[in-house]
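Close look at the chain arrangement
One letter stands for each residue in the lines below.
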Amino acid sequence: MKKNYFKSKLFLKYIWSYMFILLIPLVLMTIFIYENAVSSLRSEIEQSRLNQLTQAMVIVDGRIKELSEIASRISYDTRLTPYRVHDPIYSGEAIQGLDQYKSTSSMIGELLLYFHKDEKIYSSKGLYDFGVFATSFSFESWPADKLYHDLNSVKYPTMRPADTVVKSSNIAESMLAYLIPITPNSPTPHGTVMYLIRESELTSLIDSILGNYQGLTYILDNEGHILVDNRQGEAMTSSAAKSLINLEPGIHEQTINGKAHSVVSVKSQKNGWTYVTAMPSAQFFSSVLHVRSFIIMLFCIVVLVGAAIALVLARMQYQPISTLVEFAASKRKDNRARGDVPDRGNELDRIRSALQEYSSRIDLQEPFARNHLLSMLLKYGNVHPELQHAFDLRFDRSNHFVAVIGSGDNGGSPTERQERVKLLNQIEFPELLAVGYGVELPQLDQLGIIFSFDLDGEEAEAFNRVREIVEAMRSRLHAISDDIPMIGVGTCYDSPDQLNQSFIEACSAYELRSSAEPGAITYFEKLSDAPQHADWIPNNTLMKLAQSLKQGSYDVAVPIIGSAFQNLQTTPQVSALLTRCICFDLLNTMLKTATELGIHSVALDMAPAAIYGNSLDEIERTFLNLASRICAQVEQNNRKEEHSLMDRIAAYIDERYTDYSLSLESVAFAFSVSPSHVSRSFKEKIGTNFIQYIWQKRLNVVIQQLKTTSDPLKDIILRVGYQDTPNFTRKFKKETGYTPGQYRKLFSENEQARRMSEFEEE
């Protein structure tokens, strides 16, 4: 077995699969044996506990009956009549008599005798004023006025639940109060006998009968009140305890505090009390150690044998896959080295990813990403085919050209521009065998569109088809808006790699259009109508060179300069003076463009000897170097201008982020650039996207105000530019882990704000 097999998630998955298959019968057998053993033992334990609890109920009922009999004897005792008790001479005998009755039962903690409407209460220890008694025996949940009322109004024997009683000696005890009216069974009792019974007396009595039982024991009255609560390391809510009153006498299975318990219940027929014990079911398992030991040993043996079989089967199944894994790893090695493709999932996932890597679509359907891809195509003339396929861009037709569309009025209204962008995003003319893809240019008033088409015959002329496509596009634009834009059209090429040249030509045609009338169409091929000498460089070539320098497109400028010098070298009849003049034509175009761009340093570096004293090859290299310097400076200036623009946009957002109408489109129109350009450049400069930047600004303000103010949350959210409070709350919790109310409650710096958070949470 190869050690590296164990590093494979798939190999381990196979092992666990086989182990699972082998363990199913073992687990079923284990459960069957174990459940039989436990259920049998459990039945014995529960039946024994039922008998013990019944015995405890009989004993407790007997003790309570004794108390009733004592109260009956007190009611007929001549020493304890109201007359004898109030008489100073015989009151001592009354107190002595009460003490004798108290000693007859070990359960009685204190015996008290009270006559209705009397201000005195009598005990085995002496006579108390009622106020003094209420102070000497202070009940936690039985106030003095309620005590006085109950002593005067009780009509039948009543046991009060265990309550904490603080005596005058500051000793607290848990005691039950048992009130019996006297004379018993009389409809008009004249007094009340009250027994104070220590709860420990009853719990110790029950514990002595139940033996080593560990669980909960309760005595509940017929109304569900807990009279005696005997806990052994576990507590139960009052609602759960009250649910026990409805249980039928016998053995039950019930969930208490989220755990399974065995509940045994018996009910007294004499006083209606319910006696309940609840023991966690887990305690039964400790009683079957010998069965569990045998099952664990058997389980371990089968697991070890099953593991060995699973290893053999897993290796047999994994071996053919390992070859494919090596293939997938070799295909992805370069990407992993760059950190582009992290290893995720098991070998099957990596194999699937490797096989689909060059055919699946990249999950980047966002319009800004698509627009950025098309922008790169216009700038460099080629984009990786996989990226084109990821965005459903097809340049598999025979002819391609670029058109630049502009309104001339800063892009028109935002609505009109959005409709235009939506229309041109992907426009098709099946009858012309053409498809076009719209590109948002940095200038707000301009849009680019890349057309790809096929000719329907060998004799068809490409330029005529270009005109038909442009006219069809203009008709579509006219259908959605009365404002027909101006259009500049580049030359048609047979390869998409030359689209950057067509784009430069379209920009030149748009910039040098002869008419500024709406709907004017300018074709780069038709810019130079005047006849020229064949030896001179055509005007449209010079215009294309100038435009390529303005765009900073060195890739387009190089073939223009190279083509011009190649023509000079292949035309032998041109004199040396004319050759230098033609070179000056190129140089003047480049220097003029540099001056228009504000790049004056290149003109100072050009010495006349560069033209007069060098060969054509040396002059060509000089011109290429000059074009490279101009394009590099244009790129640098564009980056500086773009960074400055992004700084101004960031400052603009910082001033207006509380405006709920602030959006990418509104900012773009405020600075006269396209939304796509703002989105891409903002992320590159600031490091976060436009939406997240505004959200973070608003979030920081809300957090600060939650900490320092007590203003209502809705007011705070409205102040930072949000109108949808529920949506903001969801995003806030996702970002911080707390709702705004919880955050204020935890981190607020003033008490009033914390109270406000509780109100808002409600």
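Below or above, wherever it landed, is the structure these notes cover. Keep in mind that what you see is a predicted model, and the values were worked out from it rather than measured.

Considerations on the overall build of the protein chain
Helix and strand content of the protein chain: 28 helices and 18 strands. Here the protein chain holds 762 residues, and the buried ones make up 44% of them. Across the protein chain, every contact between residues at least 6 apart in sequence was considered, and the portion connecting residues at least 24 apart equals 63%. Surface accessibility of the protein chain: about 39200 Å² in total, with carbon and sulfur atoms responsible for 53%.

Side note on unusual backbone geometry
For the peptide bond that leads from Ile 182 to Thr 183, omega is 0 degrees, which places it in the cis range. Mapped onto the fold, Thr 183 is located in the loop between strand S6 (172-182) and strand S7 (191-198). With a phi angle near 55 degrees, Leu 433 is a residue other than glycine that sits in the positive phi range. Here Leu 433 shows up in the loop between strand S14 (426-429) and strand S15 (434-440).

Things to note about the pattern of salt bridges
Under the counting rule described, the total for this entry stands at 16 salt bridges. Residue Arg 656 is joined to Glu 655 by a salt bridge in which the shortest nitrogen-to-oxygen separation is 3.2 Å. The partly exposed category is assigned to Arg 656, whose relative accessible area is 33%.

Thoughts on the pairing of strand S16 (residues 446-453)
Most of S16 sits inside the fold, with eight of its eight residues counted as buried. The side-chain alternation of S16 yields two buried faces, one formed by Gln 446, Gly 448, Ile 450 and Ser 452 and the other by Leu 447, Ile 449, Phe 451 and Phe 453. Sheet topology note: the strand S13 (residues 399-406)/S16 ladder contains eight bridges and is antiparallel. Residue pairing for S16: Gly 406 is matched across the bridge by Gln 446. Pairing geometry for S15 and S16, over seven bridges, is antiparallel. Counted as the bridge partner of Val 435 is Ser 452 from S16. A loop of five residues connects S15 with S16, the two strands running antiparallel in sequence.

Looking at the sheet that holds S7
With respect to topology, seven strands assemble into an open sheet ordered S3-S2-S1-S7-S6-S5-S4, the strand pairing being antiparallel. Both outer strands of the open sheet, strand S3 (126-129) and strand S4 (137-139), are each paired with one neighbouring strand and no more. Here the average twist between neighbouring strands, direction ignored, is 35 degrees. Here S4 runs beside strand S5 (residues 158-167); their pairing, made up of three bridges, is antiparallel. The partner of Phe 139 across the bridge, within S5, is Val 165. Contacting S5, S6 and S7, helix H6 (residues 199-210) crosses the sheet at an angle of about 55 degrees to S7.

Considerations on the pairing of strand S12 (residues 274-280)
Counted residue by residue, S12 has seven buried out of seven residues, so it is predominantly covered. Every second residue of S12 is oriented toward a common face, with Thr 274, Val 276, Ala 278 and Pro 280 on one face and Tyr 275, Thr 277 and Met 279 on the other, all of them buried. Examined bridge by bridge, strand S8 (residues 216-220) and S12 share five bridges and lie antiparallel to one another. In the strand pairing of S12, Leu 216 is matched with Ala 278.

Section: the nonpolar core
In this structure, Ile 74, Leu 113 and Tyr 195 are the most contacted members of the largest nonpolar core, which totals 43 residues. Top contributing element to this core by residue count: helix H1 (residues 9-76), with ten residues. With residues up to four places along the chain from it excluded, the contact list for Ile 74 reads Leu 80, Leu 98, Tyr 101, Leu 111, Leu 113 and Val 193. Core analysis: the second largest hydrophobic core is formed by 31 residues, Val 701, Val 720, Tyr 722 and Phe 732 among them.

Examining the sheet that holds strand S18 (residues 521-523)
Pairing is mixed across the open sheet formed by six strands, whose spatial order is S14-S15-S16-S13-S17-S18. Two strands in the sheet have a free side with no partner beyond their single neighbour: S14 and S18. Going across the sheet, the axis of each strand differs from the next one's by a mean of 20 degrees, ignoring polarity. Where S14 meets S15, four bridges bridge the pair, whose relative direction is antiparallel. Residue pairing for S15: Glu 428 is matched across the bridge by Val 435. Seen against the sheet, helix H11 (residues 367-380) touches S13, S14, S15 and S16 and runs at an angle of roughly 100 degrees to S15.

A closer look at a nonpolar patch on the surface
Taken together, the side chains of Leu 22, Phe 294, Met 297, Ile 301, Val 302, Val 305, Ile 309, Val 312, Leu 313 and Met 316 define a hydrophobic patch exposed on the protein surface, amounting to about 890 Å² of accessible area. For the nonpolar patch, the leading source of residues is helix H9 (residues 289-338), giving nine residues. Counting through the fold element by element, Val 302 comes out in helix H9.

Re the packing of aromatic side chains
Considering all chains together, one arrives at 25 aromatic pairs under this definition. On the numbers, 5.1 Å between centres and 75 degrees between planes, the contact of Phe 130 with Tyr 148 is edge-to-face. In this pair, Phe 130 sits in helix H4 (residues 130-136) while Tyr 148 sits in helix H5 (residues 144-153), placing the two residues 18 residues apart along the sequence. Where Phe 728 meets Phe 732, the ring centres are 6.0 Å apart and the plane angle is 35 degrees; that geometry is what we call tilted. One end of the pair is Phe 728 and the other is Phe 732, both in helix H26 (residues 725-736) and four residues apart, which spans about a single turn. Each member of the pair, Phe 728 as well as Phe 732, is classed as buried. Here the aromatic residues Tyr 114, Tyr 128, Phe 130, Phe 133, Phe 137 and Tyr 148 are joined through ring pairs into a cluster of three or more. A cation over an aromatic ring shows up here: Arg 160 above the ring of Trp 142, its NZ or CZ 4.3 Å from the ring centre. Here the basic side chain of Lys 731 rests over the ring of Trp 695, its NZ or CZ set 4.4 Å away from the ring centre.

Thresholds applied
- Residues numbered from 1 in each chain as written.
- Predicted model: local features only at pLDDT ≥ 70, side-chain atom pairs only at ≥ 80, totals over all residues.
- Heavy atoms only, no water.
- Helix = DSSP H or I, 4+ residues; strand = E, 2+ residues; numbered from the N terminus.
- Buried < 20%, exposed > 50% of the residue type's maximum accessible area, 1.4 Å probe, protein only.
- Contact = heavy atoms within 4.5 Å.
- Areas by Shrake-Rupley, 256 points an atom, 1.4 Å probe, with all protein chains shown as cover.
- Salt bridge = Lys/Arg side-chain N within 4 Å of Asp/Glu carboxyl O.
- Pairing = 2+ DSSP bridges.
- Axes fitted to C-alpha atoms, helices over the stretch in contact; angles between N-to-C directions.
- Core = buried A, V, L, I, M, F, W, Y, C linked by side-chain atoms within 4.5 Å.
- Patch = residues over 30% accessible without salt bridge, like charges linked within 9 Å, V, L, I, M, F, W, Y side chains within 5 Å.
- Phe/Tyr/Trp six-rings, centres within 6.5 Å; stacked < 30°, edge-to-face > 60°.
- Lys NZ or Arg CZ within 6 Å of the ring centre and 35° of its normal.

So far we have only geometry, and geometry alone does not tell us how the molecule works.
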